[in-house]
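Survey of secondary and tertiary structure
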Amino acid sequence: MSHRLFPVLAAALLVLTGCHKRETPVEAGLRTHTLLLGNGAEPRDLDPHITVAYTDYNILVALFEGLTVIDEATSQPRPGVAERWDISPDGRVYTFHLRADAAWSNGDPLTARDFVFSLERILSPELASEYAYMLFVLKNAEAFNTGKLADFAQVGAKALDAHTLELTLEQPTPYLLSLTAHQAWFPVHAATLLKHGKAHQRGTRWTRPENFVGNGPFTLEEWTPDQRIVVRKNPHYYGVAQNQLERVIFYPVADLGVDERNFRAGQVHLTYDVLPDRLDAWRREAPDRLRVDPFLETYFLRFNVTRPPFTDVRVRQALARAIDREAIAKSVMRGSRVPAYSLVPPNTAGYTSATHVSGDCDSARKLLAEAGYPGGKGFPKVEVKMNADPINTQVFEAIQQMWHKELGIDIALTTEEYRVYIDSMQTLSFSLLRSRWVGDYNDPSTFTDMFTSGSGNNNTGWKNPAYDRLIAAAATEQDSGRRFALLQQAEALLLDEAPISPIFFGARTYLIHPAVKGWAPALLGVHRYQNIRLEP
């Protein structure tokens, strides 16, 4: 061939290459069966017994599975690792029969003894798990967790054989099968934990990709901090034949504007959220890409009741009453949320709060004056801490203006990186804190239990023995009407004491590519990725 042709061929190749439409990550994902998700925040850890964030849970459900799972459409429990179970006539003993083919991602058999080890670990006082209280339904679990009982053999968790787990309860718990789907009940691989530290040690390297062993439909392939988490199909998962995805990639993008731009550019199949001021545009331009799903969530403000001036209940009540929730829901959130005057969202498993926070600004000013701050005079400098998120900023800038206008006080706003924010919450290193709670199961107790004195998720410094007694009584009450009446009393006490101030109830607003199939609205916000498929 004449070399005079080489420049001509090279130029032609450049033209062809330049004209060729480059494949986007979303298009490549359709070809390789890889789901790409915006996930809002960098994980604190991937240890299911010490994480509390909803964004962490989104990843954990790919890597682990409990005795049961939650059906997205109905919020009801379904068989998970346990293929079936028996319940004693008195409702206090559950016998779970594990799948014979249940296995860990390294091929080890998954046994009932693995669950007993894991339940002992999360309940151990040394681990100090924030979610340990979710297991207090087990006989003697609370006594073991608080150090009153040293022998775990007396706790109601026994392996009858390799594939049979018996759980004995303190009292009948109708929602136990929903509890066992939660991350607090997930099994962890004992040999892997012990290889990299003590069983009850936090923050060891067992959750790194090169060490990780889980039992979920996916296993950990890559964790590049602040960039992405990649999980790949677990060949040892009992349901691997039905899993149509090869990988799921989670992008911890905190900036929702960037998350939306990634969606527009074909970088992700789903966003984590949508900025409220972008909702109207999507409703007009591409309503088929916008989803607004029901979500069992309450967005609220925490007061640190151990720090002045919030040691005074009148100050807490004043600030709670001076929030115009209707304006925030309508104007700031563009009608995508419902104003919250109670902690528990309406009609949570048939429960609707009878007590509401007052929105009376006159009484708010009177309370503040009685507390020694007439017209806001002399009110100390305090700040609201929040994780870096434009929605938080917009909501609390509005509240900041309301408090200035109605109470004459000026509050500073401070944003923190997500992991720092979580640490601030758990160490009570705040005066005021933006907070949210997504229900772990569909029952009012997932909200009310959080503020008992022994709850690791209380994070207000507030303790009230009368509240604790009401919650304990509700836990033992088998009549649903009387149980709800006890929870009503407890919630009324909580709202009156005001260690928190509800602001609005949640909804899942996000963008979704039409190729994503099987992504049903989920009240608890959790999706089993093994049921999702991508269809070009």
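Shown above is the structure to which this text applies.
Read on for an overview of the structure.

1. Observations regarding the overall build of the protein chain
When helices and strands are counted, the protein chain shows 17 helices and 18 strands. Expected size for 536 residues packed as a compact globule is a radius of gyration near 24 Å; at 25 Å, the protein chain falls within 12% of this value. Its C-alpha atoms give the protein chain principal-axis dimensions of about 95 × 60 × 40 Å. Burial status across the protein chain gives 58% buried among its 536 residues. A separation threshold of at least 6 residues defines the contact pool for the protein chain, and within that pool the share at least 24 residues apart is 70%.

2. Details of the sheet that holds strand 6 (residues 157-161)
Read from one edge of the open sheet, four strands run 4-5-7-6, paired in antiparallel fashion. At either margin of the open sheet sits one strand with a lone partner, and together these are strand 4 (82-87) and strand 6. Ignoring which end each strand starts from, the neighbouring axes of this sheet average 25 degrees apart. Where strand 5 (residues 93-98) meets strand 7 (residues 164-168), five bridges bridge the pair, whose relative direction is antiparallel. Considered in strand 7, the bridge of threonine 95 is made with glutamate 166. This element, helix 4 (residues 112-123), spans strand 5, strand 6 and strand 7 of the sheet and lies at about 165 degrees to strand 6.

3. What about the sheet that holds strand 15 (residues 432-438)?
Here we have six strands laid out as an open sheet, ordered 12-16-11-15-13-14, and mixed in their pairing. Edge positions in the sheet fall to strand 12 (338-339) and strand 14 (411-416), since each of these pairs with one other strand and no more. With seven bridges joining them, strand 11 (residues 290-303) and strand 15 adopt antiparallel strand pairing. Of the residues in strand 15, the one forming a bridge with phenylalanine 303 is leucine 432. Those strands touched by helix 14 (residues 418-426) are strand 11, strand 13 (382-387), strand 14 and strand 15, and its axis lies near 130 degrees from that of strand 13.

4. Details of the nonpolar core
Counting residues in hydrophobic clusters, the biggest one holds 65 residues, and the most contacted among them are Phe96, Leu123, Leu135, Leu165, Leu167, Trp185 and Phe451. At the level of secondary structure, the elements contributing two or more residues to this core comprise strand 5, helix 4, helix 5 (141-145), strand 7, helix 6 (176-179), strand 11, helix 16 (465-476) and helix 17 (480-497). With residues up to four places along the chain from it excluded, the contact list for phenylalanine 96 reads Leu67, Ala82, Arg84, Trp85, His163, Thr164, Leu165, Leu167, Leu176, Leu177 and Thr180. Residues Ile399, Trp403, Leu432 and Ile503 belong to the second largest nonpolar core, which totals 40 residues.

5. Some details on the environment of valine 213
Relative to the elements of secondary structure, valine 213 occurs in the loop between helix 7 (190-195) and strand 8 (218-224). C-alpha of valine 213 to C-alpha of valine 438: the two residues are 225 residues apart in sequence and 27 Å apart in space. Filtering out sequence-adjacent residues up to four positions away, valine 213 remains in contact with Phe64, Trp104, Ser105, Asn106, His189, Thr192 and Trp206.

6. Some details on the packing of helix 10 (residues 313-321) against helix 12 (residues 361-370)
Direction vectors running N to C along helix 10 and helix 12 enclose 155 degrees, while the axes themselves pass 8 Å from each other. In this view, helix 10 runs roughly antiparallel relative to helix 12, as classed from their interaxial angle. Crossing geometry of helix 10 relative to helix 12 is assigned as left-handed. Two secondary-structure elements touch here, helix 10 through Arg314, Val315, Gln317, Ala318 and Arg321 and helix 12 through Cys361, Ser363, Ala364, Leu367, Leu368 and Glu370. Broken down by class, the residue content of the contact of helix 10 with helix 12 amounts to six nonpolar, two polar and three charged.

7. Thoughts on the pairing of strand 8
Where strand 8 meets strand 9 (residues 228-233), six bridges bridge the pair, whose relative direction is antiparallel. Counted as the bridge partner of phenylalanine 218 is lysine 233 from strand 9.

8. Considerations on the pattern of salt bridges
Counted under the stated rule, the structure contains 27 salt bridges. A salt bridge links arginine 528 to aspartate 71; the shortest N-O distance between them is 3.6 Å. Residue arginine 528 is found in the loop between strand 17 (516-517) and strand 18 (533-534), and its partner aspartate 71 is found in the loop between strand 2 (68-70) and strand 3 (77-79); the two are separated by 457 residues along the sequence. Take aspartate 71: its relative accessible area is 17%, and that puts it in the buried class. For lysine 233, the salt bridge goes to glutamate 246, with nearest N and O atoms at 3.1 Å. You can see lysine 233 sitting in strand 9 and its partner glutamate 246 sitting in the loop between strand 9 and strand 10 (247-251), a full 13 residues away along the chain. The network of salt bridges with common partners includes Arg44, Glu130 and Arg202.

9. Some remarks on the side chain of glutamine 183
Inspection of the secondary structure puts glutamine 183 in the loop between helix 6 and helix 7. Its relative accessible area of 2% is what places glutamine 183 among the buried residues. At 2.6 Å, the side chain of glutamine 183 and the backbone oxygen of threonine 51 are in polar contact. Once you skip the residues sitting within four places of it in the chain, glutamine 183 turns out to touch Pro48, His49, Thr51, Val52, Tyr57, Leu60 and Tyr131.

10. Some details on the packing of helix 11 (residues 325-332) against helix 13 (residues 390-407)
Contact pair helix 11 / helix 13: the axes reach a minimum separation of 11 Å and the direction vectors enclose 140 degrees. One element, helix 11, and the other, helix 13, form an angle in the oblique class. With respect to the hand of their crossing, helix 11 and helix 13 are arranged in right-handed fashion. Contact with helix 11, carried on its side by Ala327, Ile328 and Val332, involves Gln394, Val395, Ala398, Ile399 and Met402 of helix 13 and no other residues of that element. Within the contact of helix 11 with helix 13, the residues separate by chemical class into seven nonpolar, one polar and no charged.

11. Describing the side chain of serine 75
With respect to the helices, strands and loops of the structure, serine 75 is situated in the loop between strand 2 and strand 3. Among residues more than four places away in sequence, those in contact with serine 75 are Ile70, Asn442, Leu523 and Leu524.

Each value, and the rule that gives it
Residues numbered from 1 in each chain as written. Predicted model: local features only at pLDDT ≥ 70, side-chain atom pairs only at ≥ 80, totals over all residues. Heavy atoms only, no water. Helix = DSSP H or I, 4+ residues; strand = E, 2+ residues; numbered from the N terminus. Rg over C-alpha atoms; globule rule 2.2 N^0.38 Å. Buried < 20%, exposed > 50% of the residue type's maximum accessible area, 1.4 Å probe, protein only. Contact = heavy atoms within 4.5 Å. Pairing = 2+ DSSP bridges. Axes fitted to C-alpha atoms, helices over the stretch in contact; angles between N-to-C directions. Core = buried A, V, L, I, M, F, W, Y, C linked by side-chain atoms within 4.5 Å. Parallel < 35°, antiparallel > 145°, perpendicular 65-115°, else oblique. Left-handed = near helix turned anticlockwise from the far one by under 90°. Nonpolar A, V, L, I, M, F, W, Y, C, P; charged D, E, K, R; others polar. Salt bridge = Lys/Arg side-chain N within 4 Å of Asp/Glu carboxyl O. Polar contact = N/O pair within 3.5 Å; in protein donor to acceptor, adjacent residues only side chain to side chain.

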